[in-house]
Amino acid sequence: MGVEGCTKCIKYLLFVFNFIFWLAGGIILGVALWLRHDSQTTNILYLQLGDKQAPNTFYVGIYILIAVGAVMMFVGFLGCYGAIQESQCLLGTFFTCLVILFACEVAAGIWGFVNKDQIAKDVKQFYDQAFQQALMAESETNNGKTVVKTFHETLDCCGPDNTMGAITPLWRDDLCPKKDSILKTFIESSSCHKKIDELFSGKLYLIGIAAIVVAVIMIFEMILSMVLCCGIRNSSVY
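Below is a summary of the structure that appears in this document.

Cut-offs used in this document
- Residues numbered from 1 in each chain as written.
- Predicted model: local features only at pLDDT ≥ 70, side-chain atom pairs only at ≥ 80, totals over all residues.
- Heavy atoms only, no water.
- Helix = DSSP H or I, 4+ residues; strand = E, 2+ residues; numbered from the N terminus.
- Expected span 1.5 Å × (residues − 1).
- Buried < 20%, exposed > 50% of the residue type's maximum accessible area, 1.4 Å probe, protein only.
- Patch = residues over 30% accessible without salt bridge, like charges linked within 9 Å, V, L, I, M, F, W, Y side chains within 5 Å.
- Areas by Shrake-Rupley, 256 points an atom, 1.4 Å probe, with all protein chains shown as cover.
- Salt bridge = Lys/Arg side-chain N within 4 Å of Asp/Glu carboxyl O.
- Axes fitted to C-alpha atoms, helices over the stretch in contact; angles between N-to-C directions.
- Parallel < 35°, antiparallel > 145°, perpendicular 65-115°, else oblique.
- Left-handed = near helix turned anticlockwise from the far one by under 90°.
- Contact = heavy atoms within 4.5 Å.
- Nonpolar A, V, L, I, M, F, W, Y, C, P; charged D, E, K, R; others polar.
- Phe/Tyr/Trp six-rings, centres within 6.5 Å; stacked < 30°, edge-to-face > 60°.

**Side note on helix α5 (residues 144–155)**
No. 1: An ideal rise of 1.5 Å per residue puts 16 Å on 12 residues; α5 measures up with 17 Å between its terminal C-alpha atoms.
No. 2: Among all positions of α5, only Gly144, Lys145, Val147, Val148, Phe151, His152, Thr154 and Leu155 are buried.
No. 3: Just past α5, the residue Asp156 takes up positive phi, approximately 55 degrees.

Structure follows, in structure tokens:
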């Protein structure tokens, strides 16, 4: 015997929420893949300075997002199927998966909050090391110059946040993006530290908004799945 009345409304409401959840999983998966293959971050984080690789903390977060998006799509499908079939077993499994996923999201959120400044800081330290090597390099065999030029061309910037960085466009124009004149290069050049902050803070802000929206949907789904499960159990008694 199928559910009736308010419980039936909850059944279809849960189906709608699960469909939204499934779509959200697809969007998160798509955004994570875009962030993973975005030309700006890829150009910078694939750099290698001698034997030292660019910091990969950002990519750790991206791989977590890819996994979360894929799991969300599976759990969303499970919830949709369980709601339509009115299966207590599937709904119980769905609820358990949601609790685990919610706990993982909270843990990932805490990790992201703790490391939100560390990602940009590590990249800036890597850039500073490359910049110092580029200034002291006397031959093209040292790849510090190549690393710095990649930063400058990708982010359209020149030099770190200090006096040396401010005058770099004037005396090392070979390291900076070419402008119409030296004066224009000096006036329009931005600090690479500032550009690195903007690059990663903007992407982390996007990830944070997505995580909050998903968390709210998950809370509603956990409540609705338990109410529907109780409604199915009660309807089977009668």
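There's plenty left to go through after this.
**Notes on a nonpolar patch on the surface**
No. 1: A contiguous nonpolar surface patch, about 920 Å² in accessible area, is contributed by Tyr12, Phe15, Val16, Phe19, Ile20, Trp22, Leu23, Phe77, Tyr81 and Ile84.
No. 2: Listing elements by their share of the nonpolar patch, those giving two or more residues are α1 (6–37) and α3 (57–85).
No. 3: When residues in the nonpolar patch are grouped by element, the largest group, seven residues, is from α1.
No. 4: Its place among the elements puts Phe77 in helix α3.

**Describing the packing of helix α4 (residues 88–136) against α5**
No. 1: In the contact formed by α4 and α5, the axes pass within 7 Å of each other and the chain directions differ by 125 degrees. On the basis of the axis angle, α4 is oblique to α5. In the packing of α4 onto α5, the handedness of the crossing is left-handed. The segment α4 lies against α5, with Val123, Phe126, Tyr127, Ala130, Phe131, Gln133 and Ala134 engaging Gly144, Lys145, Val147, Val148, Phe151 and His152.
No. 2: The class makeup of the residues in the contact of α4 with α5 is nine nonpolar, three polar and one charged.

**Some words on the packing of aromatic side chains**
No. 1: Under the defined criterion, the tally for this structure stands at six aromatic pairs.
No. 2: Taken together, a centroid distance of 6.4 Å and an interplanar angle of 45 degrees make the contact between Phe126 and Phe151 tilted. Here the residue Phe126 occupies a position in helix α4, and Phe151 occupies one in helix α5, the gap between them amounting to 25 residues. Taken individually, Phe126 and Phe151 each receive the classification buried, so the pair is uniform in this respect.

**Looking at the pattern of salt bridges**
No. 1: Counted by the stated rule, this structure contains two salt bridges.
No. 2: In this structure, Glu86 engages Lys11 in a salt bridge whose closest nitrogen and oxygen atoms are separated by 2.8 Å. Taken together, the residues Glu86 in the loop between α3 and α4 and Lys11 in helix α1 connect sequence positions 75 residues apart. Here the two residues Glu86 and Lys11 agree in accessibility, since each one is buried.
No. 3: We note a salt bridge from Lys124 to Asp197, for which the minimum N-O separation is 3.2 Å. Linking Lys124 in helix α4 with Asp197 in helix α8 (residues 192–237), this pair joins segments that are 73 residues apart in sequence.

**Considerations on the environment of Asn43**
No. 1: Inspection of the secondary structure puts Asn43 in helix α2 (residues 39–45).
No. 2: It is 9.6 Å that separates the C-alpha atoms of Asn43 and Val147, two residues lying 104 residues apart in sequence.
No. 3: Discounting residues that sit within four places of it in the chain, Asn43 has contacts with Thr150 and Thr154.

**Points about the environment of Tyr81**
No. 1: Along the chain, the position of Tyr81 falls in helix α3.
No. 2: Accessibility expressed as a relative area gives 44% for Tyr81, which makes it partly exposed.
No. 3: With 13 residues separating them along the chain, Tyr81 and Phe94 place their C-alpha atoms 9.9 Å apart.

Any functional reading would require information beyond the geometric quantities listed.
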